[in-house]
Amino acid sequence: MISMSAFEVLGPIMVGPSSSHTAGALRIALVARSLAPKQLEHVEFWLYNSFSHTHLGHGTDYALIAGILGLAPDDTRVREALALAEEAHLNYSVIEKGDDETLHPNTVEIHLYGADNAHVSVMGESVGGGRIRISGVNGARIHMSGDMPTIFVSHRDKPGVLAALTTILATQNINVATMRTFRSERGGFAHTVFEIDEPIEQKVLDLFQLAPHVSYAAQVSIPGAAPQVTNDVLSGAFDNGADLLARCSKTGASIGQIMRQREKGLRPNANVDAEMTHVLEIMRDEVHDTIKTPRQSIGGLLNGQAKTVANTPPAISNTLMGTTQTRAIAYAMAVLERSATMGVIVAAPTAGASGVVPGSLISVAEEIGATDEQVISALWNASAIGAILTTNASVSGAEGGCQAEVGSAAAMSASALTELLGGTPQQCLDAASIAISNLLGLICDPVRGLVEYPCQDRNAIGVAAAISSSQLALAGVGNPIPFDEVAHAMAEVGAALPVSLRETAKGGLAATPSAPTACASCTGCVSLDQTLLDAERILNANNKDVPCA
């Protein structure tokens, strides 16, 4: 059953530019920090695969250091992490380890060194949209997702150790959900991971620490982990699109209403309406920010393109995209510009595709005068589609190419727009299916490893796909392939893409001769404005309004 929170689909709220390479990396470092020696003297970050090749352009170094310093993904001080590390006298080194096909595309191994030769290593994987897994501790390959309260214990591989640990849990009336032990050699050091049903109290860790042959015991909290599932949630759960449609049919509720009810069941003590209102507030801010005040991106490829599109002369915008789609695309591009300057954004479902949902949804909402309640319901809808795609396919460019990022965002947007405009749940899934189908096979080839170009333009294409797909569905054009089969096809296509076309910056546009020297001046405000003016003159000349210049 899908148990991820809606706010891990429309989120995390984070400092850009990349949800997997920035927010995810920061979260891995936060976990490592919780296991670090008390007197930390030096940290080494070993970067593998996509992390190794693109960390500079994605701000991964800043994010990892920020995590060790204890900053949150949405803390604006992330962009000052290097200076903060110097102030804190944190010694660190970043080591590019290159490719290792045995590891996840986004892998970092963090080595933490303390006084008296103390050493802890934590290996983590950033699996897309800011979500992470811990795959190794002190050289032992493990699996920690954090979906339940988790205790990590290092101990000698001796008879009676596990019995002593489980006895402690039994005497504290704690039920063990899972227990896994990993060892490198017989009689050497071993590591045991307990997932338990109740929150962990410090006295349990203290008792573990006193047990024979135990060297270390700690609670492991994985940021962004799915909430613990209750029986109430199971009764209204869905695994895929077919389940979701059945649930809508049974209750008469919209997709957005089903997702909101599910979130309330997952997190009964949270004010989920206030949280989604905050998501909308951030989205409204991010779509206007860099249109009002353009800024140069950290990689130099973006600087004012969103404002240029927003100011497209009517003779062009009315003839081509129309006012609503022109505004939607400008909004989407503005979000990417804000992200690329390490501004605060909502990953929806990733930072690389973060402009599609707010761009299309807010533009259409403004056009029809939708209420906040209507827009928020559409956001719940988008999060339902994103949760299905995250679980049954992928939203990670390193795993499935840009189709997994912009394609998923376009599907989420298409479904959300369809509900906003009065469509049925079936029409919503048809719109999502059409959007994915039209972006199937889209590669991820960030020039110079930056989430800038062609990412910004592909967010524009994602908006166009979302709007056209929604119109097709609302007009009665269904999709002959069910949504779940389209999602499965996207997952298969993503797995078939060569590694060079999955966010490594080693293929596609990233491998062209001009990529190393590309800059904003090649496509930025001045030259693009002139192109638009020239096009307007041609249109006016054809209409015989003014002479052609």
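Small disclaimer: the values here were computed from a predicted structure and weren't measured.

Participant: Even after reading the chapter, I still don't get the pattern of salt bridges, so can you show me in this structure?
Facilitator: Where side chains of opposite charge bring their charged atoms close, a pairing between them can arise. For the structure on display, the rule yields 16 salt bridges. Across the pair D273 and R260 runs a salt bridge whose closest N-O atoms are separated by 2.8 Å. Here D273, found in helix α10 (residues 272-292), pairs with R260, found in helix α9 (residues 255-266); they are 13 residues apart in sequence, far enough to count as distant. Looking at R260, the relative accessible area reads 26%, which means it is partly exposed.

Participant: Explain the packing of aromatic side chains to me, please; I cannot follow it from the model alone.
Facilitator: The way to describe two aromatic rings as a pair is by their centre distance and the angle between their planes. Scanning the model with the defined rule gives 2 aromatic pairs in all. With 5.6 Å between their ring centres and 75 degrees between their planes, F7 and W380 make a pair best called edge-to-face. Note that F7 is positioned in the segment before β1 (13-15) and W380 in helix α15 (residues 372-392), a separation of 373 residues in sequence. Both residues of the pair, F7 and W380, belong to the buried class. Residues F194 and F208 carry aromatic rings whose centres are separated by 5.7 Å and whose planes lie at 50 degrees to one another, so their mutual orientation is tilted. On the criterion of sequence distance, the pair formed by F194 in strand β10 (residues 189-196) and F208 in helix α6 (residues 202-210) is long-range, its members being 14 residues apart. Taking NZ or CZ as reference, K97 lies 4.3 Å from the ring centre of W46, over its face. Across from the ring centre of F189, 4.8 Å away, lies the NZ or CZ of R156, which sits over that ring.

Participant: What exactly am I supposed to notice about the sheet that holds strand β7 (residues 140-144) here?
Facilitator: Sheet strands pair by backbone hydrogen bonding; their relative direction is either parallel or antiparallel. Read across the open sheet, the 6 strands follow the order β3-β2-β4-β5-β6-β7; overall the sheet is mixed. Every interior strand has two partners, whereas the edge strands, β3 (91-96) and β7, have only one. Looking at each pair of strands side by side, their axes are set apart by 25 degrees on average, direction ignored. Bridge count for strand β2 (residues 40-48) against β3 is 6 bridges, and the pairing is parallel. Across the sheet, residue W46 finds its bridge partner in β3, namely I95. Those strands touched by helix α3 (residues 60-68) are β2, β3 and β4 (106-114), and its axis lies near 145 degrees from that of β2.

Participant: Sorry if this is basic, but what is going on with the domain arrangement of the protein here?
Facilitator: When the parts come together, some accessible area is lost, and that loss is often what is quoted as the size of the interface. The domains assigned to the protein are domain 1 (11-142), domain 2 (148-221) and domain 3 (241-509). Counting residues at the interface gives 9 residues for domain 1 and 10 residues for domain 2. Of the roughly 700 Å² buried at the junction of domain 1 and domain 2 (both faces included), carbon and sulfur atoms supply 72%. Our count for the contact surface shared by domain 1 and domain 2 stands at 0 salt bridges. Among the residues forming the side of domain 1 that touches domain 2, the class breakdown is 6 nonpolar, 2 polar and 1 charged.

Participant: Looking at this model, I keep getting lost on the pairing of β7. Mind explaining?
Facilitator: If a strand is regular, its side chains alternate between the two faces of the sheet. Burial along β7 is one-sided: A140, I142 and M144 are buried, and none of R141 and H143, which face the opposite way, are. Relative to β7, strand β6 (residues 131-137) runs antiparallel, the two sharing 3 bridges. Bridge pairing links I134 to M144 in β7. The antiparallel hairpin formed by β6 and β7 contains 2 residues in its connecting segment, where N138 sits at a positive phi of about 50 degrees.

Participant: In this structure, what is going on with the state of the cysteines? I would like to understand it.
Facilitator: Among covalent bonds in proteins, the disulfide is the one between the sulfur atoms of two cysteines. Within this structure, the stated rule accounts for 0 disulfides. Not engaged in a disulfide, the cysteine C248 finds its nearest cysteine sulfur in C428; these two sulfurs lie 8.2 Å apart. With a relative accessible area of 5%, C248 lands in the buried category.

Participant: It is not clear to me how the UniProt feature "domain: ACT" (unreviewed entry) in the protein should be interpreted in this structure. Could you clarify?
Facilitator: UniProt annotation of "domain: ACT" (unreviewed entry) refers to residues 150-223 when read in the numbering used here. Across residues 150-223, the secondary structure splits into 27% helix and 41% strand, with the terminal C-alpha atoms separated by 12 Å.

Participant: How do you make sense of the nonpolar core when you look at a structure like this?
Facilitator: Residues F45, I110, I142 and M283 are the most contacted members of the largest nonpolar core, which totals 131 residues. Looking at which element gives the most residues to this core, the answer is α15, with 11 residues. Once residues within four sequence positions are removed from consideration, I110 is found in contact with I28, A29, A32, V43, E44, F45, L64, I68, V120, S121 and V122. Grouped together as the second largest cluster of nonpolar side chains are 16 residues, V153, I168, L169 and I196 included.

Participant: Quick question: what am I supposed to make of a nonpolar patch on the surface here?
Facilitator: Judged by side-chain polarity, I368, L421 and L474 come together as a nonpolar surface patch covering roughly 230 Å² of accessible area. Position of L421 relative to the elements: it lies in the loop between α17 (402-420) and α18 (425-439). The partly exposed category is assigned to L421, whose relative accessible area is 42%.

Participant: Help me understand empty space enclosed by the protein, please; the structure alone is not making it clear to me.
Facilitator: Summary: where empty space remains is shown by rolling a probe the size of a single water molecule over the atoms. Here the structure, examined in full by the defined rule, presents 1 cavity of 30 Å³ or more. Empty space within the largest cavity amounts to approximately 180 Å³. Lining the largest cavity we find 22 residues, and of these G352, E405, C444, V451 and C455 sit closest to its centre. The set of elements that each furnish at least two residues to the lining of the largest cavity consists of α1 (19-35), α17 and α19 (455-474). For the lining of the largest cavity, the element with the highest residue contribution is α17, accounting for 3 residues. Here the lining of the largest cavity is composed, by residue class, of 8 nonpolar, 10 polar and 4 charged. Two domains each donate at least three residues to the lining of the largest cavity, and these are domain 1 (11-142) and domain 3 (241-509).

Definitions and cut-offs
Each chain has its residues counted from 1, running along the sequence as written. Totals for whole chains, interfaces and linings use all residues, but because this is a predicted model, local features are given only for residues with pLDDT of at least 70 and pairs of side-chain atoms are given and counted only at 80 or more. Excluding hydrogens and water, the side-chain figures rest on all heavy atoms present in the structure. By definition, a salt bridge exists where a carboxyl oxygen of Asp or Glu is found within 4 Å of a side-chain nitrogen of Lys or Arg. For the purposes of this entry, the term helix denotes a DSSP run of H or I that reaches at least four residues, the term strand denotes a run of E that reaches at least two, and both are numbered from the N terminus. Only protein chains enter the accessibility calculation, which uses a 1.4 Å probe. A residue is then buried if its area is under 20% of the maximum for its type, exposed if over 50%, and partly exposed in between. Pairs were defined over the aromatic rings of Phe, Tyr and Trp, the Trp ring being its six-membered one, requiring ring centres within 6.5 Å. Orientation was assigned from the angle between planes: stacked under 30 degrees, edge-to-face over 60, tilted for the rest. For a Lys NZ or an Arg CZ to count as sitting over a ring, it must be within 6 Å of the ring centre and within 35 degrees of the ring normal. At least two DSSP bridges between two strands are required for those strands to pair. The angle between two axes is taken between their N-to-C directions and runs from 0 to 180 degrees, where each axis is a line fitted to C-alpha atoms and a helix contributes only its stretch in contact. Contacts are residue-level and defined by heavy atoms, with any inter-residue pair within 4.5 Å sufficient. Domain segmentation is taken from an automatic or database assignment of domains. Here the quantity called buried area is the total loss of accessible area, with a 1.4 Å probe, experienced by two parts when brought into contact, counted for both. Gly is placed with the polar residues, together with every amino acid not listed as nonpolar (Ala, Val, Leu, Ile, Met, Phe, Trp, Tyr, Cys and Pro) or charged (Asp, Glu, Lys and Arg). A pair of cysteine sulfur atoms is labelled a disulfide when the two atoms are within 2.5 Å. UniProt positions are given in the numbering used here, feature names are shortened, and annotations may be inferred rather than shown by experiment. Among the buried residues, those of types Ala, Val, Leu, Ile, Met, Phe, Trp, Tyr and Cys that are joined through side-chain atoms within 4.5 Å form a nonpolar core. Excluding any residue in a salt bridge, patches collect residues exceeding 30% relative accessible area, merging like charges within 9 Å and nonpolar Val, Leu, Ile, Met, Phe, Trp and Tyr side chains within 5 Å. Note on areas: Shrake-Rupley, 1.4 Å probe, and residue coverage restricted to the protein chains presented here. Lining residues are defined by having an atom within 4 Å of a point belonging to a cavity or pocket. Those points lie on a 1 Å grid over the protein atoms alone, cavities being sets where a 1.4 Å probe fits but cannot get out and pockets being open sets with protein on both sides within 12 Å along at least five of seven lines. Grid points are joined across faces, edges and corners, and a volume is the space filled by probe spheres set on the points.

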